Structure formats: C-alpha cells, structure tokens
Amino acid sequence: MTRTAGRDGHRPGPFHLNAFLMSTGHHEASWRLPESSPDHTSTNIAYLQRLARTAEEGLLDSVFFADGPGLRSDVGRRPAGSLDPLIVLTALAAATERIGLIATASTTYNSPYNLARRFASIDIVSGGRAGWNVVTTAGPDIARNFGLDDQPAHAVRYERAAEFLDVASTLWDSWDDDAVLGDKEAGVWADAAKIHPAGHVGEHFSVAGALTTPRSPQARPLIVQAGSSEDGKGLAARYAEAVFTAHQTLDDARAFYADLKARTVAAGRDADGIKILPGLVPVLGSTEAEALAAERELDELIVPEYARRQLAATLRVDPEDLPLDRQLPADLPDEDEIEGAKSRYTLIVELARRERLTVRALIGRLGGGRGHRTLAGTPEQVADALQDWYDAEAADGFNIMPAVLPRGLEEFTAHVVPILQARGLFRTAYEGTTLREHYGLERPASRYSSSGASSAVSVEAVELATAGVGA
C-alpha cells in the first residue's frame, strides 16, 4: 500500500480503522437512552447491515464482532442476545462490497477442520474480505456448555490454540491455486497431485484430509488476536496479523507496541506484518462540554449493582467485598492466579490503584468500554488523540468502539474521518478489494509453492475453482 506523508513531518499514514460493532453501543447503558430502539440488537441482520454499510461509506478497513459460546448470566444488565458471528458475516458480505468482515471464534470449543472450512467459505463468498479473531475462551460456565466440569488451564488453552492455527493454516493450503484445470477435452476437472491432505497428528488434534473448499481469494483469513497476557503476546507474535488491545495510557500502549513488534521479529516475521490497534470509545460533541454532558448522561444510567457484580466476577471476589464508595481491597488475587482474561484483570486493577478510584468511580470508567480508553470530545480532539498515539508508535491504527450505535459510528465517519483524511492519515478511497490489501499485507504463499513467493489469484480463478464444490 502506498503511504503518504503525514502533516508537519509526523509519522506517515495511512493508518487502519476497525469498527467494533455491538448492539446499541459499547457503553453498557446505551440501550437505556431514549434514542435506542428495540431493533438495535445483535440479532437484527438489517440493523447490522446498516452499520456495516456506514463503516464502508467511511472507508474503514473492517468491522468486527466479538463472541462467546455462552449466554451471560446478567441478562438484565444490557442486550445479551447474539447470533453466530460467522453466519452474520455471510449476510454482511451480501450487503457490502469492500469492507473487511472479522468474526470471533474459539479454538477451545471448535475443531480445526470445521472452522477452517467455514472461514474459507466466507472468504470465497465475500471476495476475500474475511478475518478471524482467534480467542481461547475463558470461563467455567462456557466449559459446562461443552460437557466439561471446568475450563482448561490458561497455558493448555494457548497450546491448543497454537496447534489449532497450525492445522488450520495447513488446511487452507490444501488446494494449490492452479489445482482446478477444467479440462473438458481430457475430462479432468482438477489435478489430484495439487490437492494436499493435512495428514496431521498432534497433541490435541488429528486431521487427515484436505478441505472441501479451494484456496480462497486471500488464501487464508486475516488472523486477529486480542489477548495481551504473556501467552497471548506469544501467540500473536507467531500468528497474528492484527491485534486488538486495550490501554489506558500512552506509556502503556507504547511499551506494549514495542514489546509485541520485537517479539514478532524474534519469531522470524516482519514487524510491519502485525498491525496493533488499541481500542478507543469516542463520545463526540460539537463542543467538549457537549461531549462531556453526553458521557455523563450515559454514566448516570449505569445500574451500580449490575456493574458491581460484573466487576466482582472479573476480580474473582465477592460483590460484598466491593463497597461502592471505597477503593478496591488490598488483598486481590495476583494475576498468576487468574485463569481467564489475565491482561484485562491487570489493566483494571492498575487503573484503580493508579488513580485511587472508588468502586463507584471505577464502574463509571469501565462502563463505556470495559477497560478500553474512553474519550469525550470534539471531532478535532478525537482526531488529535488518534494521531498522538499513532505518531508516538503506540498504534498502527485503532479499534473504534462507539459508545452509542448507530449514532456514534455515523458521527465518527462523518466528522472524524474527514479530519484524518485531510491530514494524510487515512485513505480517501479503497485501494484494494481484499481485507489483506486494506491492511497492507500480502497474500500468503502456499507451503507447497515451489517458489515460496506470495502468489496472486484472480476472482475468476476462484469462481472457476468453486463452481463444482458441493455438486
């Protein structure tokens, strides 16, 4: 991707923008606003298509859906219903043309063959716009949905994830790009020598055959990862091409950025092959006072008891140990004792300790983005904040998490994006058609390629290859 100079000698752009879509918005009380509609849910495909088209009109790189294979216990707190995000992506593929489509799927509660096939199918259906947010999924309640008494240990989940990704990658290379011949005269549709069974036998998985799907436009989906624990960073350095992360301060974001880039190089990869996108929850106003008033309105709608129970579950303490008008207790568990969401646990505790927040104040800070940085201000202030972190090499782009949907996304694309474009920091048109092209990444070469070079494939070739699938 061509990079243009930023303003005043700053780090050159463009950087990357993903829209993280969640029902009525990321603020937990957004559903209580008068403007929020019962139709603004994660089960309303027409609504999700509208959001995706808004993001595409703003030329964003991608949209993203989080997911967990279990219903939250506190359904009173906020809209809780959701669809399988991979199914959602197929509906969004039909309603959009260029924007990338990223879904979360667990390596702990799926099998490599089925999931690799589903993502390859979405990549084909969307013309090369699929991305996979790889998660290892913590929580004993979810484990019990799959016949387990408790969740696998943190280290075991990450060991399984690494093998899962290795197997999936092998499966995505099952077909050579030129495997399909379509030779009517000879009566040969495909060259069997160019189909490669996985033949994998490992600690967690045994997978024999090749995929049913030919090699897709991107060869494999963009691999996204969001864990920031030591195991999470190790997995990201080896496999991830984009990382969604949460930081409250510039210093923490810069340290994470430098560490993960160094780990990526140590893993034998190009540092530019992994894009780091911290989350930001913007609350926009025509003036700073207007934005702050909108933020206060949301915070005042938080139900403290719901939020306190959620915080207690995150911190692994009893809700009664968290009086609303006191600071966090001194004797919280160490991070090493936490089996799930280790990095988010540490972020929350450090935020509370650093700013000496009461539980009530901490709940307010977390209500907008569950530990992601929130910012209330004018479009210029939000654009300045994004550029400051980008220039400081704390980010390659941002995971935009509107506090209120659809309004927050519409305001961001209408008012912040043009400022970033004027500064040379963001695209003024899509330059490619695939998600990898949006992120400035090459199409991976097949492990079976004789040259080892990145291969290109036309949409026509994929259409030819897939014409007989399932016939």
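Since the structure is predicted, the reported quantities are computational estimates derived from the model, not experimental observations.

1. A few points about the side chain of K275
- As for its placement among the helices and strands, K275 is situated in strand β11 (residues 275-284).
- Side-chain polar atoms of K275 contact the backbone oxygen of D272, separated by 3.0 Å.
- Ignoring sequence-local partners within four residues, the contact set of K275 consists of H16, E241, A242, V243, D396, Y439 and L441.

2. Focus on the packing of aromatic side chains
- For the structure on display, the rule yields 10 aromatic pairs.
- Relative to W132, the ring of F119 has its centre 5.4 Å away and its plane inclined at 25 degrees; by these criteria the two rings are stacked. Of the two residues, F119 sits in helix α3 (residues 112-126) while W132 sits in strand β4 (residues 130-135), which places them 13 residues apart along the sequence.
- Judged by relative accessible area, F119 falls into the buried class, the value being 0%.
- Put simply, the rings of F119, W132, F164, W172 and F205 pair up and form one aromatic cluster.
- Across from the ring centre of Y390, 4.1 Å away, lies the NZ or CZ of R11, which sits over that ring.

3. Details of the pairing of strand β5 (residues 180-183)
- When β5 meets strand β6 (residues 188-190), the two strands line up antiparallel, connected through two bridges. Bridged to V180 within β6 is A190.

4. Section: the pairing of β4
- Taken across its six residues, β4 has six buried, putting it largely inside the fold.
- Here β4 shows two buried faces, one formed by A130, W132 and V134 and the other by G131, N133 and V135.
- Here strand β3 (residues 100-106) pairs with β4 via six bridges, running parallel. The residue of β4 that forms the bridge with A105 is V134.
- Once the chain exits β3 it traverses α3 before rejoining the sheet at β4, and the crossover so formed is right-handed.
- Summarising the sheet, β4 and strand β9 (residues 222-225) pair through four bridges and their orientation is parallel. Following the sheet pairing, V134 is matched in β9 by Q225.

5. Comments concerning the environment of T41
- Of note, T41 is situated in the loop between β1 (16-20) and α1 (45-57).
- Sequence separation between T41 and L405 is 364 residues; the distance between their C-alpha atoms is 9.8 Å.
- Sequence-distant contacts of T41, that is, excluding residues within four places in its chain, are made with S23, Y47 and L48.

6. Brief notes about the pattern of salt bridges
- The final tally for this structure, using the stated rule, is 22 salt bridges.
- Between D173 and R447 there is a salt bridge, and its shortest N-O distance comes to 2.8 Å. Of this pair, D173 sits in the loop between α5 (154-172) and β5 while R447 sits in the loop between α14 (435-438) and α15 (459-466); the two residues are 274 residues apart in sequence, bridging distant segments of the chain.
- A relative accessible area of 42% means that R447 is categorised as partly exposed.
- When the shortest N-O distance is used, the salt bridge between D259 and R263 registers 3.0 Å. Taken together, the residues span about one helical turn, with D259 and R263 both in helix α7 (residues 250-266) at a distance of four residues.
- Look at R263 and you get partly exposed, because its relative accessible area is 25%.
- What you see here is one network of salt bridges that share partners, running through D173, D177, R215, R220, R443 and R447.

7. Structural notes on the confidence of the model for the protein
- For the protein, mean pLDDT is 89; residues scoring 70 or higher make up 90% of the total.
- Within the model, the stretch residues 451-459 combines pLDDT values under 50 with 16 contacts to residues more than four positions away or in other chains.

8. A look at the nonpolar core
- Core analysis: the largest hydrophobic core is formed by 70 residues, its most contacted members being L17, V63, W132, W172, L386, F398 and L420.
- Listed in part, the 23 residues of the second largest apolar core include L311, A312, L315 and I363.

9. As for helix α2 (residues 85-95)
- Along α2, eight of the 11 residues are buried, which leaves the element largely enclosed by surrounding structure.
- Among all positions of α2, only P85, L86, V88, L89, A91, L92, A93 and A95 are buried.
- Buried-residue contacts for α2 involve α1, β2 (62-65), β3 and α3.
- One side-chain oxygen of the residue at the start of α2 lies 2.9 Å from the amide nitrogen of L86, identifying that residue as D84.

10. Quick word on the packing of α3 against α5
- Here α3 crosses α5 at 50 degrees, and the two axes come no closer than 9 Å. What the angle tells us is that α3 and α5 run oblique. Seen from above, α3 lies across α5 with right-handed handedness. Contacts from P112, Y113, L115, A116, F119 and A120 of α3 reach α5 at F164, V167, A168, L171 and W172.
- Tallied by class, residues from the contact of α3 with α5 come to 11 nonpolar, no polar and no charged.

Quick notes on the rules
- Residues numbered from 1 in each chain as written.
- Predicted model: local features only at pLDDT ≥ 70, side-chain atom pairs only at ≥ 80, totals over all residues.
- Heavy atoms only, no water.
- Helix = DSSP H or I, 4+ residues; strand = E, 2+ residues; numbered from the N terminus.
- Polar contact = N/O pair within 3.5 Å; in protein donor to acceptor, adjacent residues only side chain to side chain.
- Contact = heavy atoms within 4.5 Å.
- Phe/Tyr/Trp six-rings, centres within 6.5 Å; stacked < 30°, edge-to-face > 60°.
- Buried < 20%, exposed > 50% of the residue type's maximum accessible area, 1.4 Å probe, protein only.
- Lys NZ or Arg CZ within 6 Å of the ring centre and 35° of its normal.
- Pairing = 2+ DSSP bridges.
- Right-handed = clockwise from strand over helix to strand, strands pointing away.
- Salt bridge = Lys/Arg side-chain N within 4 Å of Asp/Glu carboxyl O.
- pLDDT = per-residue confidence, 0-100.
- Core = buried A, V, L, I, M, F, W, Y, C linked by side-chain atoms within 4.5 Å.
- Axes fitted to C-alpha atoms, helices over the stretch in contact; angles between N-to-C directions.
- Parallel < 35°, antiparallel > 145°, perpendicular 65-115°, else oblique.
- Left-handed = near helix turned anticlockwise from the far one by under 90°.
- Nonpolar A, V, L, I, M, F, W, Y, C, P; charged D, E, K, R; others polar.

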